[in-house]
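Next come the chains, spelled out residue by residue.
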Amino acid sequence: MPINTGYLDPGLSVRIQHHLSIILFVAVVGAISLAAAVGVLMGGLEDAALVYGRAVDQHRQVEQLVAEGGALLDTAAGITPRSGTESFGVADRVITQSMATLTDLRRADVLFDPQTLLNARLALDRCRDLANGRSVGVQHPDDLEVFRRSAAQYVSALAEVELSAVAAVSHQGRSVARRRRVIMLLIGAICFAYLALIERVRHWTTRHLIDPMQNLADTARQIMTGKTISPLLEAGHTEELTTLAGMLSSFAETLKTNVRTRTAQVVRQKELLETEVRVRRRAEQELRYSALRDRLTGLCSRDLLMDRIGQCFARARGRDGCRFALLVVDVDRFSEVNDSLGRLIGDQLVIAVADRFRSWLEELAMVIDVESASLARIGGDDFAVLLDGLATRDDAGAVAQRLEEALAEPFHLQGNTLNVSASVGIALAEDGAETAEELMRNADAAMHFAKAGGKGRLVVFRPGMSDEVSARDDRAAALRRALDLGHFSVVYQPIVSLETGRICGFEALTRWDDPDRGPVSPVEFIPEAEETGVIVELGRWVLRQACRQLNSWQGELADGRHLSIAVNVSQHQLAHPTFVKEIRQVLRETGIKAADLKLEITESVIMEKPDEVADVLGQLRALGTEIHMDDFGTGYSSLSYLHRLPIDVLKIDRAFMNSLSANTDYADVVHTVVALARTLRMRVTVEGVESEEQLVQVRALGCDFAQGFYFSEPVEPDEARAMLVAKRRWPAAA
Ligand code: C2E
Ligand code: MG
Ligand code: MG
């Protein structure tokens, strides 16, 4: 947090500095004064000691003089008239010496009585004069006596000098001792005063600066630690500290407010952060769950399954004969359910299928010898089962079969009954897969292969299948591209009423003119379109084209009202959940009557799963369209089904026409078919009429309609129209 410098009074620090400067100045001056006073006193003491020393020294000299005076007196006493001049000579030397000493003493500061010294000197001078007088030969007994007296006087004068000197020395000694005592007392007093001053300053500083500052520091610490703030200062502090305390107090208040605001912000941030953490944690959990579990069905996810397959491979490397397989199950035409009934039902179907598979797998161990089975959802309508520890290869197929059976019962979802089948691709690890990805790729290829072969099939992967699947994908792409680019067209082959000999309708047949390959036969591309599922889109387009064309003929041609159009319908279209709805929509869009639309469905498609198509055929019949069973006679029709299914026309395959010409037995067969049709209240169309003879034959056999190159090959709409306009007629019934 940035410090608010507004709390600091710039004058305050100046004032505190001023106080501290004064204290420092007093301390320094005091110390200097103390040192000076001590120095001065010590100097005085030294002087006194010096004077005393000099007095002692002078006393010593006086003592010397006294000793010399004594010697002089001895000399004087010992002088006789006979000793003469030598004795006076000795006295003279003593006197000369004493004179010098006295001169020195006089020159020096006289510390003792000067008069006494002067007397000693005068006596000495007299001694000297006498000594000199004799030395020059004045020899008189009286003089000798005088000399002796003078010497005695001199000695007594010297004794006085000595006394005076002793008194002076003793006086000086006492004086020095007194001065020393006084000086020592003064030094002690000054030191005491200085210490008292220092103590006073310390006390003042402690009381007025350090304690309050300590107090302020404690307060600041309390503010920092967020505790309650105690009263900052008691009364009686310096103005500056009171100001500082006041500022600190208002700073603390502001700080408190700021802290409260910041705390509230932090709490809010913390709550936001906690929410964020909770959200992220949940997202992470969901992510982890979705990585391992499929959200819709709760089954294993693809990632988890791949991991388990990886583990199987890892275990398999360690031991021989470890067998495992992957089954990829795709719900047939799931996208159609999604498109027609909505994604909600699509999701419900996926959940229902998953439930069936799951409950079935729970019973698996009782049925098949397998160590473990993992069920996963690996795509929109794609499931996978990993079977680990299979006893035999065939067990994988058996499991797949059971999966198919699990879907046998229809699903009832929100009022819709859905018959569901699944295509299953089976890949065994021993068939060349070495990684989880390869096994998955193999199972996927087998599943696509199964799917291409029609609904509800099982295919076991074999090497090379992947290439076939990708080749098929290429074909599908080519077909879709051709449809988008308009390379398909519809031609029309007339269907002639054998009763009138006139064209009563046309069959719409698709043509593909590929820019690279040229015209491609429907015998080639229709199976491809069926295999790849493109037939659903292609068939939808043909149906719309054909109905529009019929509507146009019906509208513009006088006899057009009686025309009908036959459109081929593949098994994929028929099984599409919205097929009936689409027919209804096309009829409404193009405005043709339902009765004028004939839907040709091959015998094999109807008879392969008659129960499944029965429902949709019933709906188409209810709509009013006719159902023509195409290529009749090439498959195996069950009479009981023929009887029950809503079929209007049996369209005898053209192979019969070829045989009819060659073998008269076929006439009986056709006759029987016609008779059967009559019994079942159906009519008969014959395909492949290529000659008049055949026409005569089929008419004789009682067929209702005929179609073949004899009348016309499939032609462009304009040509077909021209035929209608020309009112072409083939030999009518006699
Ligand atoms: P289909 O439905 O049985 O159609 C009749 C086929 O027989 C047509 O062959 C037609 O050209 C041929 N044909 C007609 N009269 C004669 C004849 O006198 N002699 C001989 N040899 N052939 C004759 P196309 O057009 O090649 O069609 C072959 C098959 O392709 C059709 O057989 C039909 O199953 C399928 N197909 C054609 N167009 C479509 C379509 O739009 N949708 C579906 N689902 N299948 C179609
Ligand atoms: Mg046909
Ligand atoms: Mg046919």
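Caption draft 1: Representation of the overall build of the chain in the model. Within the chain one finds 23 helices and 16 strands. Here the chain, with 734 residues, has 42% of them falling under the buried criterion. For the chain, the share of sequence-separated contacts (at least 6 apart) that also reach a separation of at least 24 residues comes to 69%. For the chain, the accessible area works out to roughly 38400 Å², and carbon and sulfur atoms hold 55% of it.

Caption draft 2: Layout of the environment of Met 306. In this fold, Met 306 is placed in helix α6 (residues 302-318). The exposure class of Met 306 is buried, given its relative accessible area of 15%. Not counting chain neighbours up to four residues away, the residues in contact with Met 306 comprise Ala 436, Glu 437 and Met 440.

Caption draft 3: How the structure looks around the pairing of strand β6 (residues 422-428). Most of β6 is tucked away, with seven of its seven residues classed as buried. Burial along β6 is two-sided: the face carrying Ala 422, Val 424, Ile 426 and Leu 428 and the face carrying Ser 423, Gly 425 and Ala 427 are both buried. In this structure, strand β1 (residues 324-331) lies alongside β6, joined through seven bridges in antiparallel fashion. Residue pairing across strands places Leu 326 opposite Ala 427, the latter belonging to β6.

Caption draft 4: Quick look at the coordination of the magnesium ion (ligand 2). Surrounding the magnesium ion (ligand 2) are the protein donor atoms Glu 507 (OE), Asn 568 (OD1), Glu 600 (OE) and Asp 630 (OD), which sit 2.1 to 2.3 Å from the metal. Mapping the donors of the magnesium ion (ligand 2) onto the primary sequence gives the spacing E-x60-N-x31-E-x29-D. A spacing of 3.9 Å is found between the magnesium ion (ligand 2) and the magnesium ion (ligand 3), which share Asp 630 as a donor. Of this pair, Glu 507 sits in strand β9 (residues 503-514) while Glu 600 is found in strand β12 (residues 597-602), placing the two residues 93 residues apart along the sequence. The burial state of Glu 507 is the same as that of Glu 600; both residues are buried.

Caption draft 5: Representation of the coordination of the magnesium ion (ligand 3) within the structure. Taken together, Asp 630 (OD), Asp 631 (OD), Glu 687 (OE) and Glu 687 (OE) make up the protein donors of the magnesium ion (ligand 3), found 2.2 to 2.5 Å from the metal. Sequence spacing among the residues donating to the magnesium ion (ligand 3) works out to D-D-x55-E.

Caption draft 6: Up close: the sheet that holds β1. One open sheet accounts for five strands, arranged β2-β3-β1-β6-β7; its pairing is mixed. One side of each edge strand has no neighbouring strand; the edge strands of this open sheet are β2 (372-377) and β7 (458-460). On average, each strand axis in the sheet is tilted by 15° relative to the strand beside it, whichever way the strands run. Looking at chain direction, β2 and strand β3 (residues 382-388) are connected through six bridges and run antiparallel. In the sheet register, Leu 375 faces β3, and the bridge partner there is Val 385. Strand contacts of helix α10 (residues 393-406): β1, β3, β6 and β7, with the helix running at about 165° to β6, the strand carrying the most contacts.

Caption draft 7: Region of interest: empty space enclosed by the protein. With the rule as written, the count across this model stands at one cavity of 30 Å³ or more. Put simply, the largest cavity is a space of about 40 Å³. In this structure, the largest cavity is lined by Val 536, Arg 540, Gln 573, His 576, Phe 579 and Glu 582. When residues of the lining of the largest cavity are traced back to their parent elements, those giving at least two are α14 (535-556) and α16 (579-590). A class-by-class count of the residues in the lining of the largest cavity yields two nonpolar, two polar and two charged.

Caption draft 8: Structural view of helix α22 (residues 692-700). Those residues of α22 that sit buried are Gln 694, Leu 695 and Val 698. Looking straight down α22, one finds that the buried residues subtend no more than 105° of arc, so they occupy a single side. Structural note: α22 exposes Glu 693 and Ala 700 on the side pointing more than 90 degrees away from its buried face. Backbone geometry just after α22 places Gly 702 at a positive phi near 95°.

Caption draft 9: Examining the packing of aromatic side chains more closely. Across all of its chains, the model carries nine aromatic pairs by this definition. On the basis of an interplanar angle of 70° and a centroid distance of 5.2 Å, the ring pair of Tyr 710 and Phe 711 is categorised as edge-to-face. Using a relative accessible area of 4% as the deciding quantity, one classes Phe 711 as buried. In textbook terms, an aromatic cluster arises when at least three aromatic residues are bridged by ring pairs, as seen for Phe 488, Trp 512 and Phe 525. Taking NZ or CZ as reference, Arg 356 lies 3.7 Å from the ring centre of Phe 411, over its face. Of note, Arg 462 hangs over the ring of Phe 449, and the distance from its end group to the ring centre comes to 5.3 Å.

Caption draft 10: Local environment of the site of ligand 1. Around ligand 1 sit 21 residues in total, of which Thr 510, Asn 568, Arg 654, Glu 690 and Phe 709 are the nearest. Side-chain polar atom of Glu 507 to an oxygen atom of ligand 1: 3.0 Å apart, as the coordinates give it. Separating an oxygen atom of ligand 1 from a side-chain N or O atom of Asp 631 is a distance of 3.2 Å. Taking 790 Å² as the accessible area of ligand 1 by itself, protein coverage stands at 86%. Elements supplying a minimum of two residues to the shell around ligand 1: β9, α13 (522-532) and β13 (626-632). At four residues, β9 tops the list of elements feeding residues into the shell around ligand 1. Each residue belonging to the shell around ligand 1 can be placed in one class, and the counts come to seven nonpolar, six polar and eight charged.

Caption draft 11: Broad picture of the nonpolar core. By size, the foremost hydrophobic cluster in this structure holds 68 residues, and its most contacted members are Leu 574, Leu 597 and Leu 620. Examining the composition of this core, we find that six residues originate from one element, α14, more than from any other. Setting aside its immediate chain neighbours within four residues, Leu 620 contacts Leu 574, Phe 579, Val 580, Ile 583, Leu 599, Thr 625 and Ile 627. If you look at the next biggest cluster of nonpolar residues, it comprises 38 residues, including Val 331, Ala 354, Ala 406 and Val 420.

Caption draft 12: Representation of the pattern of salt bridges. Across all of its chains, the model carries 26 salt bridges by this definition. In this structure, Glu 276 and Arg 280 form a salt bridge, with 2.7 Å as the shortest nitrogen-oxygen distance. Taken together, the residues Glu 276 and Arg 280, both in helix α5 (residues 239-292) and four residues apart, mark about one turn of the helix. Judged by relative accessible area, Arg 280 falls into the exposed class, the value being 55%. As a salt-bridge pair, Arg 540 and Glu 582 come within 2.9 Å of each other at their nearest N and O atoms. With a gap of 42 residues between them, Arg 540 in helix α14 and Glu 582 in helix α16 connect regions that are remote in the sequence. The partly exposed category is assigned to Arg 540, whose relative accessible area is 27%. The exposure class assigned to Glu 582 is buried, which follows from its relative accessible area of 15%. Connected via shared salt-bridge partners are Arg 323, Arg 393, Glu 430 and Asp 431.

Cut-offs and rules
- Residues numbered from 1 in each chain as written.
- Chains lettered and ligands numbered in written order.
- Predicted model: local features only at pLDDT ≥ 70, side-chain atom pairs only at ≥ 80, totals over all residues.
- Heavy atoms only, no water.
- Helix = DSSP H or I, 4+ residues; strand = E, 2+ residues; numbered from the N terminus.
- Buried < 20%, exposed > 50% of the residue type's maximum accessible area, 1.4 Å probe, protein only.
- Contact = heavy atoms within 4.5 Å.
- Areas by Shrake-Rupley, 256 points an atom, 1.4 Å probe, with all protein chains shown as cover.
- Pairing = 2+ DSSP bridges.
- Donors = N, O, S within 2.8 Å, 3.2 Å for Na, K, Ca; no water.
- Axes fitted to C-alpha atoms, helices over the stretch in contact; angles between N-to-C directions.
- 1 Å grid on protein atoms, 1.4 Å probe; cavity = no way out; pocket = protein on both sides within 12 Å on 5 of 7 lines; lining within 4 Å.
- Points joined across faces, edges and corners; volume = space filled by probe spheres on them.
- Nonpolar A, V, L, I, M, F, W, Y, C, P; charged D, E, K, R; others polar.
- Arc of directions from axis to C-beta.
- Phe/Tyr/Trp six-rings, centres within 6.5 Å; stacked < 30°, edge-to-face > 60°.
- Lys NZ or Arg CZ within 6 Å of the ring centre and 35° of its normal.
- Near = heavy atom within 4 Å.
- Polar contact = N/O pair within 3.5 Å; in protein donor to acceptor, adjacent residues only side chain to side chain.
- Core = buried A, V, L, I, M, F, W, Y, C linked by side-chain atoms within 4.5 Å.
- Salt bridge = Lys/Arg side-chain N within 4 Å of Asp/Glu carboxyl O.

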